[in-house]
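Results of the structural survey
Okay, here's what each chain looks like letter by letter:
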Amino acid sequence: MDYGTVTESVLKDLESLLGAHNVAVDEEKRRAYSLDEVAEQFWDRPYCADVVVFPENTQHVSAILAYANERRIPVTPRGAGTGLSGGAVPAYGGIVMAFDRMNRILEVDLENLTATAEPGVVTADIQAAAARHGLEYAGDPCSGDVSFIGGNVAENAGGNKVIKYGTTGANVLALEVVLPSGEVTWFGGKRRKDVTGLDLVHLIAGSEGTLGVVTKVVVKLVPRQEYVVDLLVPFPGVDEAIGFVPRVIRETGLIPSSLEFMDKTSLDLVSRYIGSSLPFADAEAHLIIQLEGGDDDVLADQYERIGDLCFEGGALEVFVADNRNFRDQLWKARKNISEAIIALYRKYTKEDLAVPTSAIPDLMKGIERVCHTYGLESANFGHVGDGNMHVNILAGEDREDWREAIEEARLDLYRLTVELGGTLSGEHGIGLKRKKYLPMFLDEPQMRLIRGIKRVFDPNMILNPGKILD
Ligand SMILES: Cc1cc2nc3c(=O)[nH]c(=O)nc-3n(C[C@H](O)[C@H](O)[C@H](O)COP(=O)(O)OP(=O)(O)OC[C@H]3O[C@@H](n4cnc5c(N)ncnc54)[C@H](O)[C@@H]3O)c2cc1C
């Protein structure tokens, strides 16, 4: 694909469209805005934007896209850059469109129980705005203190509460979207039902910024539960912990708001990274089971029932985190595992496999077998209640052939995941990092449809080119 270049005259035009203060060309900024959380050593070459623009409103976004579309200049939307698939990396250079300056919560609508936000609002700020009205926005990725709502929508981010409330997409009612042509449109509305035409809201959710740019997001709010309790449950083995997961819902009739898993290696790494550990640090696996409700006594009865079941299922202990300190301590450990791996290893791959929950035990055995075959280690953690396992394959610093070994291991794991009815990514997306493996998981008719949809939205292929598809 031949793309237009960003010349001096293009820069002048961008400055007149947005104001010079919203256009950055200094190298430091261009580099900083060209990376996400995939470390640079994983790319075959460095990627760098020619210019970074900071739109302040929908009109700016529309003007940039119309201009770029006419000149076939690539545009890569960017949220907070916490993505784990290289989605915000400008694969073809050109313009990076960063949403740092579209960061207003426009409305909390108490009649319709919705909040409307610009794409650069930090996820936790929407949660806090809802909480001020006794409400909750239930989208809750572990990166929520940093990530932007626009990035969450584009990745259809999951997180800690999917088991009860669904992914980001399930919590989105409407989107204002700017098409690559510059046209502005709304998909969906403040309504809970809508079968008029096709469901374009949920086509955009998870489209990784390849079909349109999200400029406003309407999310639904739910009543905030007054009481929250987390159970920290160490198990002697991974099998016991994983095998216990389906019993929680089946045998108690309760849906926890979170059901998270950490293996021993993950806990060891994060303990080193944050400088503190959790009880029973030498247990092979820990579960975090979060319950919430409006009545303290009812909640106590529920966690006692689950606690008894944990012991029946072989738990070593059940810790009840019913105070802020303990809860913060255990979620700090859970939320920092990903960062710990980045800080402590240079040679690794972070995978994001999702399988039917009944297949998790086979997936875990497969991970062990594959790592053993190639002389690698693994650290596994994730949203086990959703069947979503963050599999981190680790190579020692002295391993010269780490790229080849990890590549073989991940191919074996992908084949196993397909056999188990699983998928390549549960929540982190395909982006630049995983696109070459997509045909292992999607058949030709599906690939053809995806290519066709991209062409309909973006015939000039200017929007986030090189992502999901080539
Ligand atoms: C420590 C850590 C924990 C994490 N935990 C989770 C987790 O629990 N669950 C989870 O799902 N993910 C998690 N992630 C991954 C990441 O945080 C999510 O994918 C998040 O949604 C990305 O948001 P962002 O604002 O950083 O987007 P970016 O990384 O900047 O961009 C992500 C994608 O969105 C596109 N995009 C951004 N803004 C827009 C827009 N306005 N319109 C159209 N496209 C746009 C970009 O082009 C790119 O393709 C985690 C990451 C880290 C580092």
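Cut-offs applied
Residues numbered from 1 in each chain as written. Predicted model: local features only at pLDDT ≥ 70, side-chain atom pairs only at ≥ 80, totals over all residues. Heavy atoms only, no water. Core = buried A, V, L, I, M, F, W, Y, C linked by side-chain atoms within 4.5 Å. Buried < 20%, exposed > 50% of the residue type's maximum accessible area, 1.4 Å probe, protein only. Helix = DSSP H or I, 4+ residues; strand = E, 2+ residues; numbered from the N terminus. Domains from an automatic or database assignment. Contact = heavy atoms within 4.5 Å. Buried area = accessible area lost by both parts, 1.4 Å probe. Salt bridge = Lys/Arg side-chain N within 4 Å of Asp/Glu carboxyl O. Nonpolar A, V, L, I, M, F, W, Y, C, P; charged D, E, K, R; others polar. Pairing = 2+ DSSP bridges. Axes fitted to C-alpha atoms, helices over the stretch in contact; angles between N-to-C directions.

1. Structural notes on the nonpolar core
Membership of the largest hydrophobic core comes to 57 residues, with the highest contact counts inside it found for L287 and I289. Among the elements that line this core, the one with the most residues is helix α14 (residues 402-419), at 7 residues. For this core, the two domains that each supply at least three residues are domain 2 (227-337) and domain 3 (345-433). Those residues within four positions of I289 in sequence are excluded, and the remaining contacts are V229, D230, L231, V233, F244, V248, P256, S258, L259, I306 and C310.

2. Concerning the domain arrangement of the protein
Bring the parts together and some accessible area is lost; that lost area is often taken as the interface size. Annotation of the protein at the domain level lists domain 1 (105-223), domain 2 (227-337) and domain 3 (345-433). Once you take the C-alpha centre of each, domain 1 and domain 2 turn out to be 29 Å apart. Across the boundary between the two partners, domain 1 contributes 8 residues, which contact 12 residues of domain 2. Each partner contributes to the roughly 830 Å² buried at the junction of domain 1 and domain 2, and carbon and sulfur atoms together form 50% of this total. Interface area lost by domain 1 to domain 2 is led by C142, N160 and I163, which between them contribute 61%. Between domain 1 and domain 2 we count 1 salt bridge in total. For the salt bridge of E292 with K164, the shortest nitrogen-to-oxygen distance reads 3.2 Å. Residue contributions to the side of domain 1 that touches domain 2 peak at 3 residues, all from helix α6 (residues 162-165). Its residues assigned to classes, the side of domain 1 that touches domain 2 comprises 3 nonpolar, 2 polar and 3 charged.

3. Observations concerning the sheet that holds strand β12 (residues 227-235)
Spatial ordering of the open sheet is given by β15-β12-β14-β13-β17-β18-β16, a layout of 7 strands whose pairing is antiparallel. Since the sheet does not close on itself, it has two edges, and those belong to β15 (319-321) and β16 (348-354), each with one partner. Mean inter-strand twist for the sheet, computed between neighbouring axes without regard to direction, equals 20°. Taken together, the 3 bridges between β12 and β15 define a ladder with antiparallel strand orientation.

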